Structure formats: C-alpha cells, structure tokens
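What follows is the residue order along each chain.
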Amino acid sequence: MGGMGSGNWMRWGSKSTVDSQHAVDVRYLKKQGSLEAGKSGSLTWSRQGKQTGAISYQVKENGIMLIYNMRENSSAEWETVEQFVSFDYTPCNYGGKRTWLLCTHCNRRVTCIYVTGKYFLCRHCYGLNHQSQHEGYCDRLLSKAQSRRTKLGGSPSLGDLFPEKPKGMHWKTYHKLQDQAMSDEEACFQKIDEYLNRFSSRLS
Ligand SMILES: [Zn+2]
C-alpha cells in the first residue's frame, strides 16, 4: 500500500484490509469532478510504488462503465471486462443529492466497490471486512458450532454427523440447538468457500 502519496485515494476508508484492495470510490470521483455524464478517465492503483492495476471508466447518465482487462492467474488468457455499475441517489441535508453505487451483485447502496475476482462488488459480497474481524468471525462460528456438538456428547468435528439427542433433553431444546448449529456451520463453510474461491485477479 502507498507509494502514490497524497493522491492515493485508497486510504479513504478506515478498514485497512479493504483499503489495500483495488477500489472504486464514488466519493473520490465526486471530489475529482468526474461523476458527470460524459466524463471518462482511468484509475490506477499501486503498492510500494509499483502499479498493481488500472482501469478505464466512462460515466453515463445513470451509472459508470468500468472497462478493464483481467485474467484469473498469470498463465490464463486476458479477458476484457465491461461492467456497468448503476448510480443511486439520496437527498443531502443541505440540498443537492448524494451519489451512491449500486452493487451489481446484491444491489446494496455503497460508496466503494472492490475487485478481488472478475467484477467490482461491494465489501459485503466479497467478505472484505477487516482481516482479523473476518477471520475472527469464522473462528467464532466454528468454536460455537464445535462446543454445541461436544455439549451434546458428540465429537467436535464438523465432518461427523450431528450428535443425537441426549437422554433427558427436550426435543424442543435439541432441535433449537441443531438449527443454530446448522446455520452457524453453513455460514462458516460459506465463509471458507468465499475465501478459497477468491481467485487472484490481475488488472491491466
Ligand atoms: Zn454487494
């Protein structure tokens, strides 16, 4: 991270993990006066003085077109991606309107979208919360799921069948525990999947 001095707009957020990603920040574009329809330009990112990515953009009436080449890994073919990201607007207290980006995947209204795969999506979609928070979340789910299993007299391994209802426990209690465990375990696996599927992208 860094190397671009005061021009480095990836520092805008406060979450360091997110900041280190290739991001399109609508506040930056606004500040640069680049949000008007018809404007076009390019955005570049660098780390330690070395450029790590660049894209072109064209601002339309109702959104922004992002144009870039990417490949899944260093031996894959380059592919040109054109991604249109819609704008959304909310009124400002002091008049005028505030422009937001609508995440192409989840339709959330966001100020920043990030590329870690093929497309620029919001941090919710890419699970790009603070690294420690991100890992902590999964760890917490995992240990909760494991302790539920051992409480029921089973093994902590999520690969094993869910333990049977202990004698003396109400079915209602058991089913509740089972439901909670299932949703935690599923969420945890989903996080792990996200992590593994996040292929490295190269932008040019
Ligand atoms: Zn999203």
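The numbering scheme is per chain: residues are counted from 1 as the chain's sequence reads. Local features in this predicted model are restricted to residues of pLDDT 70 or higher, and side-chain atom pairs are both shown and tallied only at a pLDDT of 80 or more, whereas totals for entire chains, interfaces and linings draw on every residue. With hydrogens and water excluded, all non-hydrogen atoms of the structure serve as input to the side-chain values.

Focus on the nonpolar core
Grouping buried Ala, Val, Leu, Ile, Met, Phe, Trp, Tyr and Cys residues that are joined through side-chain atoms within 4.5 Å yields what is termed a nonpolar core. Here the term buried applies to any residue with accessible area under 20% of the maximum for its type, exposed to any over 50%, and partly exposed to those in between, with areas from a 1.4 Å probe on protein chains only. Judged by nonpolar contacts, the single largest core of 27 residues is most densely connected at Val24, Ile64, Leu66, Leu101 and Phe120. Mapped by element, the contributors of at least two residues to this core are α2 (26-31), β2 (40-47), β3 (50-59), β4 (63-71), β5 (79-91), β8 (112-115), β9 (120-121) and α3 (123-126). Apart from the residues lying within four places of it in its own chain, the contact partners of Phe120 are His22, Val24, Trp45, Ile55, Leu66, Tyr68, Gln83, Thr104, Ile113, Tyr114 and Val115. Elements are defined by DSSP. Helices are runs of H or I of four residues or more, strands are runs of E of two residues or more, and each kind is numbered from the N terminus. Note on contacts: a residue pair is in contact if any heavy atoms of the two residues lie within 4.5 Å.

Looking at the packing of aromatic side chains
Centre-to-centre distance and the angle between the planes together describe a pair of aromatic rings. Aromatic contacts are taken between Phe, Tyr and Trp rings whose centres are within 6.5 Å, Trp giving its six-membered ring; a plane angle under 30 degrees counts as stacked, one over 60 as edge-to-face, and the others as tilted. This model, assessed by the stated rule, comprises five aromatic pairs. Where Tyr68 meets Phe120, the ring centres are 5.3 Å apart and the plane angle is 80°; that geometry is what we call edge-to-face. A residue pair is termed long-range when its members are at least 10 positions apart, and Tyr68 in strand β4 and Phe120 in strand β9 qualify at 52 residues. Here the two residues Tyr68 and Phe120 agree in accessibility, since each one is buried. Members of the aromatic cluster, connected to one another through ring pairs, are Trp45, Tyr68 and Phe120. Over the ring of Trp100 we find Arg98, and its NZ or CZ is 4.0 Å from the ring centre. Only when the NZ atom of a Lys or the CZ atom of an Arg is both within 6 Å of the ring centre and within 35 degrees of the ring normal do we say a charge sits over the ring.

Quick word on the pairing of β8
Side chains of β8 alternate between two faces, with Cys112 and Tyr114 and Ile113 and Val115 buried alike. Two elements, β8 and β9, share two bridges in a ladder whose sense is antiparallel. Residue pairing in the sheet places Tyr114 in a bridge with Leu121 of β9. For two strands to pair, DSSP has to find at least two bridges joining them.

Re the pairing of strand β1 (residues 22-25)
The side chains of a regular strand alternate, first on one face of the sheet and then on the other. Where burial is concerned, the two faces of β1 agree: the one with His22 and Val24 and the one with Ala23 and Asp25 are both buried. Of the strand pairs in this sheet, β1 and β8 are connected by four bridges, and their pairing is antiparallel. The residue of β8 that forms the bridge with Ala23 is Tyr114.

Distances and angles like these do not, on their own, reveal function.
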